[in-house]
Amino acid sequence: MAKLAKISLSSKEGDEFRKQLSKVLDYIGELKEVDTSDQEPTSQTTGLENVFRIDEIKTSGCLSQQETLSGTDKTRNGYFVVDAVLENKDL
Amino acid sequence: MNIPLTIKDTQEGLKKKKYSTVELVDAYLGNISKSDKDINSFITVSDEVAYAQAKKADRLILDYGDKAFEDYPLLGVTVAHKDLFLTKGVRTTAGSKVLESYIPPYSATVVEKLETAGCIMLGKTNCDAWAHGSSGENSDYGATKNPWNKKYVPGGSSSGSAAAIAANFSLITTGTDTCGSIRVPANYSYSYGLKPTYGAVSRYGVVAMASSLDTVGYFARTSDDVTNVFKVTKGEDGKDATCKNIKKEDWENVKSRMRIGILSDFFKDGLDKNVEKTMSDAIKIFKDEGIELVDVSLPYSKYAVSVYYIIQPAEVSSNLSRYDGIRYGASRDSFGDEAKRRIMLGTYVLSSGYYDAYYLRAMKIRSKIIEDLNKVFDKVDVIIAPVAPTAPFILGEKVDNPLKMYLTDIFAATANLSGIPALAVPFGFSKECLPLGFQLMGPRFSENTLFSLAKLFEKATNYKPKVAKL
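Calculation criteria
Residues numbered from 1 in each chain as written. Chains lettered and ligands numbered in written order. Predicted model: local features only at pLDDT ≥ 70, side-chain atom pairs only at ≥ 80, totals over all residues. Heavy atoms only, no water. Helix = DSSP H or I, 4+ residues; strand = E, 2+ residues; numbered from the N terminus. Rg over C-alpha atoms; globule rule 2.2 N^0.38 Å. Buried < 20%, exposed > 50% of the residue type's maximum accessible area, 1.4 Å probe, protein only. Areas by Shrake-Rupley, 256 points an atom, 1.4 Å probe, with all protein chains shown as cover. Contact = heavy atoms within 4.5 Å. Buried area = accessible area lost by both parts, 1.4 Å probe. Salt bridge = Lys/Arg side-chain N within 4 Å of Asp/Glu carboxyl O. Pairing = 2+ DSSP bridges. Axes fitted to C-alpha atoms, helices over the stretch in contact; angles between N-to-C directions. Phe/Tyr/Trp six-rings, centres within 6.5 Å; stacked < 30°, edge-to-face > 60°. Lys NZ or Arg CZ within 6 Å of the ring centre and 35° of its normal. 1 Å grid on protein atoms, 1.4 Å probe; cavity = no way out; pocket = protein on both sides within 12 Å on 5 of 7 lines; lining within 4 Å. Points joined across faces, edges and corners; volume = space filled by probe spheres on them. Nonpolar A, V, L, I, M, F, W, Y, C, P; charged D, E, K, R; others polar. pLDDT = per-residue confidence, 0-100. Parallel < 35°, antiparallel > 145°, perpendicular 65-115°, else oblique.

Enquirer: How should I be thinking about the overall build of chain B in this particular structure?
Expert: Helix and strand content of chain B: 17 helices and eleven strands. Scaling as 2.2 N^0.38, a compact globule of 470 residues should have a C-alpha radius of gyration of about 23 Å, and chain B matches this with 21 Å. The principal-axis extents of the C-alpha atoms in chain B amount to approximately 65 × 60 × 45 Å. A burial count over chain B gives 65% of its 470 residues as buried. As displayed, chain B has an accessible area near 16,600 Å², and 49% of this comes from carbon and sulfur atoms.

Right, here's the structure in full:
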């Protein structure tokens with residue numbers, strides 16, 4: 001799970017979390033006793049559907065390139081620098 | 001100077017030139033620098049911004065006199081924002097080391113609306129990292145202490161915002177409530193805490209925790225103050241698509257004769273003695289005011305915490321996936337224990353093979369909880385309930401037992417899962433001089449009904465705002 005979520009855990013953390021989360025899973029297991037057949041799920045409570053706005057550019061809501069890059073020191077030529085994702089550089 | 005405790009008194013003093021806005025800021029910052037090292041309610045104090053805004057306010061008062069207060073309804077009102085609210089040019093950490101040096105290039109809608117209304121920003125308040133917690137102890141910047149007794153927690157996750165109200169460090173503060181994160185600390189700090197209807201207040205520019213549950217709200221010391229702050233900040237901004245305006249009839253439709261529902265199932269398992277007595281005293285006061293009391297039942301709400309601890313971590317694992325350390329912030333190694341736990345739990349309940357058993361099932365029971373509530377609101381206008389199962393608890397008491405900590409939110413979860421508004425009302429103190437109170441919950445967009453009931457209760461009890469002696 002930690003790998004899937006891209007977080008690193010030490011073996012001590014892993015053991016501790018396993019114990020703590022097992023307790024939580026045991027607790028939320030109580031939901032198994034509820035009959036949910038024929039029940040629609042709720043993912044949001046607003047009742048809103050398809051909220052539209054006029055398709056026009058509002059520059060007040062846009063960040064400049066400089067502002068966008070202001071959160072990191074790792075920039076080059078006005079771009080973010082990211083780790084390489086391809087292993088073979090020659091490809 | 002003696003700092004006034006309400007918006008009305010603060011503005012009266014400004015109108016009568018008893019003090020200037022700059023002198024008010026001096027007094028608040030003086031309190032913070034003298035006493036906050038023991039409370040730890042602020043992560044960042046923004047004195048430069050505060051003085052600039054105060055000077056602007058004083059200029060407006062000088063130029064326009066009393067009329068300035070009509071154009072700027074919160075002129076001279078000091079505010080401190082939970083450090084989840086983006087503030088342009090002022091560091092915003094979300095209580096996490098991941099954002100330790102993050103300076104946002106824009107402000108949250110609520111921050112902007114309060115500034116436009118004349119508020120003075122004093123700084124950013126401490127909170128559980130990413131708002132994950134019920135006690136304030138999960139902050140990467142150290143736990144906040146309860147100003148009423150520093151051995152106790154102030155409640156969380158909006159711990160610093162609540163403590164700042166109790167310690168007289170600010171006139172109002174902002175918070176977020178995903179499962180009691182405003183109401184529990186308000187209850188533990190002798191403050192009003194409003195969790196508005198889901199969709200009543202824009203969340204644009206507020207660090208997201210669980211998007212189908214997150215709401216933005218406030219702490220203040222009177223029902224009038226919390227009403228005025230809500231009026232200024234509610235409504236569509238075109239940036240949060242879940243946000244909609246309250247219909248005029250919903251706002252104005254406050255009945256003169258009301259019925260309050262008492263939740264028999266919330267009391268079934270036996271409440272803490274302090275909480276039980278507060279509830280029965282409060283109910284009696286409403287009864288003496290001629291309000292009809294009706295026993296009601298929400299049978300599926302007993303599952304609310306379990307449903308919450310599936311839906312919330314699921315949404316947390318998704319929302320926190322954006323913190324990749326590339327565009328801003330530090331790397332994912334900087335997440336604290338609680339964030340890691342929730343990311344793991346959320347990833348688990350969403351993973352294929354477990355999705356139906358956990359996430360889908362939780363969403364279906366969420367529907368049942370909402371159906372229960374709809375039935376109850378056919379019979380009553382408002383429900384009264386405890387905010388938390390106990391009075392404030394001692395620092396450290398629950399930190400090693402996440403499940404026990406999660407159960408602090410047992411009375412809070414129903415309002416978030418169903419999107420209804422809830423108002424925490426301060427009422428009385430325990431034998432240990434710790435604050436107590438209760439919450440009022442109403443149907444969606446019934447905020448004004450909650451405010452009017454709170455006001456009635458204030459009058460009936462001759463309520464006076466109080467702050468802790470430090």
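Following the structure, the description resumes.
Enquirer: I tried to follow the interface of chain A and chain B on my own but got confused; where do I start?
Expert: Often, the extent of an interface is quoted as the loss of accessible area upon association of its parts. Counting residues at the interface gives 42 residues for chain A, matched by 54 residues for chain B. Here chain A packs against chain B, burying approximately 4,500 Å² in sum over the two surfaces, 65% of which is carbon and sulfur. For chain A, the biggest contributors to the area lost against chain B are Leu31(A), Gln39(A) and Thr45(A); these three give 14% of the whole. Counting the contacts that link chain A with chain B gives one salt bridge.

Enquirer: Where do I start with the sheet that holds strand E1 (residues 42–45) of chain B in this structure?
Expert: Each strand in a sheet pairs with its neighbour through backbone hydrogen bonds, running either in the same direction (parallel) or in the opposite one (antiparallel). Residues and elements named next belong to chain B. Read from one edge to the other, the open sheet built from eleven strands follows the order E1-E3-E2-E4-E6-E5-E10-E11-E9-E7-E8, with strand pairing classed as mixed. Of all the strands in the sheet, just E1 and strand E8 (292–296) have a single pairing partner and so form its edges. Direction aside, neighbouring strands of the sheet carry axes that sit 30 degrees apart on average. As paired elements, strand E10 (residues 422–429) and strand E11 (residues 435–441) share six bridges and run antiparallel to each other. Of the residues in E11, the one forming a bridge with Ala-424 is Gln-439. The sheet contacts of helix H11 (residues 273–288) involve strand E7 (259–263), E8, strand E9 (382–385), E10 and E11, and relative to E11 the element is tilted by about 55 degrees. Its contacts with the sheet place helix H14 (residues 356–379) against E7, E8, E9 and E11, and it is angled at close to 110 degrees to E9.

Enquirer: I tried to follow the packing of aromatic side chains on my own but got confused; where do I start?
Expert: The relation between two aromatic rings is expressed through the spacing of the ring centres and the mutual angle of the planes. All names here are of chain B. For the coordinates displayed, the defined rule picks out 27 aromatic pairs over all chains. Summarising the aromatic geometry, the rings of Tyr-308 and Tyr-309 are spaced 4.9 Å apart at their centres and angled 90 degrees between planes, so their arrangement reads as edge-to-face. The same class applies to Tyr-308 as to Tyr-309, namely buried. On the basis of an interplanar angle of 10 degrees and a centroid distance of 3.8 Å, the ring pair of Tyr-309 and Tyr-406 is categorised as stacked. Within this pair, whereas Tyr-309 is found in helix H12 (residues 304–319), its partner Tyr-406 is found in helix H15 (residues 402–406), the two being separated by 97 residues in sequence. Here Tyr-309 matches Tyr-406 in class, with each residue buried. For the cation-ring pair, Lys-234 lies above Trp-251, with the distance from its terminal atom to the ring centre recorded as 5.5 Å. The lysine or arginine in question, Lys-398, covers the ring of Phe-393, its NZ or CZ lying 4.0 Å from the ring centre.

Enquirer: Would you take a moment to explain the environment of Ala68(B) for this structure?
Expert: Residue and element names in this part refer to chain B. For Ala-68, the location among the structural elements is in helix H4 (residues 67–71). Residue Ala-68 is classed as buried on the basis of its relative accessible area of 1%. Between the alpha carbons of Ala-68 and Gly-118 there is a distance of 9.3 Å; along the sequence they are 50 residues apart. Here Ala-68 is in contact with Leu-60, Ile-61 and Leu-75, once residues within four sequence places are set aside.

Enquirer: Looking at this model, I keep getting lost on the layout of surface pockets. Mind explaining?
Expert: A water-sized probe, rolled over the atoms, reveals where empty space remains. Computed from the structure, the largest pocket encloses a volume of approximately 590 Å³. Residue composition of the lining of the largest pocket, by class: 17 nonpolar, nine polar and seven charged.

Enquirer: Hey, could you run me through the confidence of the model for chain B in this one?
Expert: Close inspection of predicted coordinates is inappropriate for parts of the model with low pLDDT. Summing up the model confidence of chain B, the mean pLDDT is 96 and the portion of residues at 70 or higher is 99%. Reported for the predicted complex are a pTM of 0.96 and an ipTM of 0.91.

Enquirer: For this particular structure, what's the right way to read unusual backbone geometry?
Expert: Apart from glycine, the bulk of residues carry a negative phi angle, and the bulk of peptide bonds sit in the trans form. All names here are of chain B. The peptide bond linking Gly-156 to Ser-157 adopts the cis configuration, its omega dihedral lying at 10 degrees. Along the chain, Ser-157 turns up in the loop between strand E3 (120–125) and helix H6 (159–166). Its identity is not glycine, yet Asn-168 carries a phi of approximately 60 degrees, on the positive side. Its location among the elements puts Asn-168 in the loop between H6 and strand E4 (172–177). In the Ramachandran plot, Cys-433 falls in the positive-phi region, its phi being about 65 degrees despite a non-glycine side chain. Along the chain, Cys-433 turns up in the loop between E10 and E11.

Enquirer: Is there a simple way to explain the pattern of salt bridges in this structure?
Expert: If the charged atoms of two oppositely charged side chains come close together, the side chains can form a pair. Counted under the stated rule, the structure contains 17 salt bridges over all chains. Measuring nitrogen to oxygen at the nearest pair gives 3.1 Å for the salt bridge that ties Lys340(B) to Glu13(A). Taken together, the residues Lys340(B) in helix H13 (residues 337–350) and Glu13(A) in helix H1 (residues 11–28) connect one chain to another. A salt bridge links Lys277(B) to Asp281(B); the nearest nitrogen and oxygen atoms lie 2.8 Å apart. Of the two residues, Lys277(B) and Asp281(B) both sit in helix H11, four residues apart, roughly one turn of that helix. Counted as one network, the salt bridges with shared partners bring together Glu338(B), Arg341(B) and Arg342(B).

Enquirer: Where do I start with the packing of H11(B) against helix H17 (residues 447–461) of chain B in this structure?
Expert: A pair of packed helices is captured by two measures, namely the crossing angle of their axes and the spacing between those axes. Residues and elements named next belong to chain B. The geometry of H11 relative to H17 is characterised by a closest axis approach of 10 Å and an angle of 95 degrees between their N-to-C directions. On the basis of their axis angle, the class for H11 and H17 is roughly perpendicular. For the pair H11 and H17, the contacting residues are Ala-282, Ile-285 and Phe-286 in the first and Leu-453, Leu-456, Phe-457, Ala-460 and Thr-461 in the second. The class makeup of the residues in the contact of H11 with H17 is seven nonpolar, one polar and no charged.

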